[in-house]
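If you want the building blocks of each chain, they are given just below.
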Amino acid sequence: DFCRLLHHGNSEPAEDHQVPFVFFTAVADEKMISEALLAGADDVIVRDSSTQVVFLKFSRLIKQHQTCRNNSRSAAGVSGSLDEMGFMETVQILVNRAKDALIKLGSEAGETASVYLHDGEIIFAATENLSGEEAIYELLAWKSGFFQVVTPDQLPDRNVFGSTEAIMLEGCRLMDEESRESFG
């Protein structure tokens, strides 16, 4: 009943569950084994099975579980609207996490851009027309569009050489200067 509730009693499909569910039983009845598998069990191991069979079954389940977790982590990513969370806020979160990341961006006008971070530092940035620090300064001005953060398969050669903090501060200074010129 617990297995059935766990796998069928909530809104997530059974394959989205993070924990493998295994019945370890002394009962080798076909009907009970069928019911356990239909309830969502990943496997049923009969207690009379050899140690080698038990070990191989658990090893297979652990490998499958790790593969599913790795695939879901790399495929899923995080995405959102630049209207809600701007480029600067997205970078700040990733810098604090000190991870490798690829930020894919799209503007409302249809332009695209990519920014790579390695250990929380921006190492590469490119829009359709700009690269390096100049691309970052341009991206800071994007107020609408979308972003997606994923784990990159590999990192490109570096084209951003300053510290992320210094580049972001300079970008803010440039935006402030531009804003003053347009009002003054």
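> Quick question: what am I supposed to make of the environment of F124 here?
Take F124: it is sitting in strand β6 (residues 121–127). C-alpha separation for the pair F124 and S114, spaced 10 residues apart in sequence, amounts to 7.9 Å. Leaving out residues up to four positions away in the same chain, F124 has contacts with S114, V115, Y116, P156, D157, N159 and V160.

> So what exactly am I meant to see when it comes to the packing of aromatic side chains here?
Geometry of an aromatic ring pair is reported as the spacing of the ring centres plus the angle between the planes. For the structure shown, the criterion picks out 1 aromatic pair. Seen in terms of ring centroids, Y116 and F124 are 5.7 Å apart; in terms of plane orientation they differ by 75°. Their pairing is edge-to-face. Judged by relative accessible area, which is 15%, Y116 ranks as buried.

> Explanation requested: the sheet that holds strand β3 (residues 78–81) in the structure shown.
Adjacent strands of a sheet pair through backbone hydrogen bonds, lying either parallel or antiparallel. Spatial ordering of the open sheet is given by β3-β7-β4-β5-β6, a layout of 5 strands whose pairing is antiparallel. Since the sheet does not close on itself, it has two edges, and those belong to β3 and β6, each with one partner. Adjacent strand axes in the sheet meet at a mean angle of 15°, parallel and antiparallel pairs treated alike. For strand β4 (residues 101–107) and strand β5 (residues 112–118), the ladder comprises 6 bridges, and the chain directions are antiparallel. Bridging from a neighbouring strand, I103 pairs with V115 of β5.

> Please explain a negative patch on the surface as it appears in this structure.
Taken together, the side chains of D100, D119, E121 and E165 present a region of like negative charge at the surface. The exposure class assigned to E121 is partly exposed, which follows from its relative accessible area of 32%.

> Explain the confidence of the model for the protein to me, please; I cannot follow it from the model alone.
Low-pLDDT stretches of the model should not have their predicted coordinates read in fine detail. Per-residue pLDDT for the protein averages 81, and the proportion of residues at 70 or more is 85%. Confidence, read as mean pLDDT per element, is least for helix α3 (residues 51–76) in the protein (66) and greatest for β6 (96). A low-confidence stretch, residues 11–16 stays under pLDDT 50, and its non-local contacts, those more than four residues away or across chains, total 3 contacts.

> Would you mind showing me how to read the nonpolar core here?
A general feature of soluble globular proteins is that nonpolar side chains tend to end up buried together. Membership of the largest hydrophobic core comes to 23 residues, with the highest contact counts inside it found for F87, I103, L105, V115, I122, I136 and L139. For this core, the secondary-structure elements that each account for two or more residues are α4 (87–97), β4, β5, β6, α5 (133–140), β7 (145–150) and α6 (164–183). With 5 residues, the single largest contributor to this core is α5. Every residue in contact with L105, bar those within four places of it in the chain, is listed here: L82, F87, E111, T112, A113, V115, L139, W142, F146 and F147.

> I would appreciate a short explanation of the pattern of salt bridges in the present structure.
When their charged atoms lie close together, side chains carrying opposite charge are able to pair. Under the criterion given, the structure shown has 2 salt bridges. Three or more residues are tied together by salt bridges with common partners; here these are E170, R173 and E177.

Definitions and cut-offs
Residues numbered from 1 in each chain as written. Predicted model: local features only at pLDDT ≥ 70, side-chain atom pairs only at ≥ 80, totals over all residues. Heavy atoms only, no water. Helix = DSSP H or I, 4+ residues; strand = E, 2+ residues; numbered from the N terminus. Contact = heavy atoms within 4.5 Å. Phe/Tyr/Trp six-rings, centres within 6.5 Å; stacked < 30°, edge-to-face > 60°. Buried < 20%, exposed > 50% of the residue type's maximum accessible area, 1.4 Å probe, protein only. Pairing = 2+ DSSP bridges. Axes fitted to C-alpha atoms, helices over the stretch in contact; angles between N-to-C directions. Patch = residues over 30% accessible without salt bridge, like charges linked within 9 Å, V, L, I, M, F, W, Y side chains within 5 Å. Areas by Shrake-Rupley, 256 points an atom, 1.4 Å probe, with all protein chains shown as cover. Salt bridge = Lys/Arg side-chain N within 4 Å of Asp/Glu carboxyl O. Lys, Arg positive; Asp, Glu negative; His and termini not counted. Charge placed at Lys NZ, Arg CZ, Asp CG, Glu CD. pLDDT = per-residue confidence, 0-100. Core = buried A, V, L, I, M, F, W, Y, C linked by side-chain atoms within 4.5 Å.

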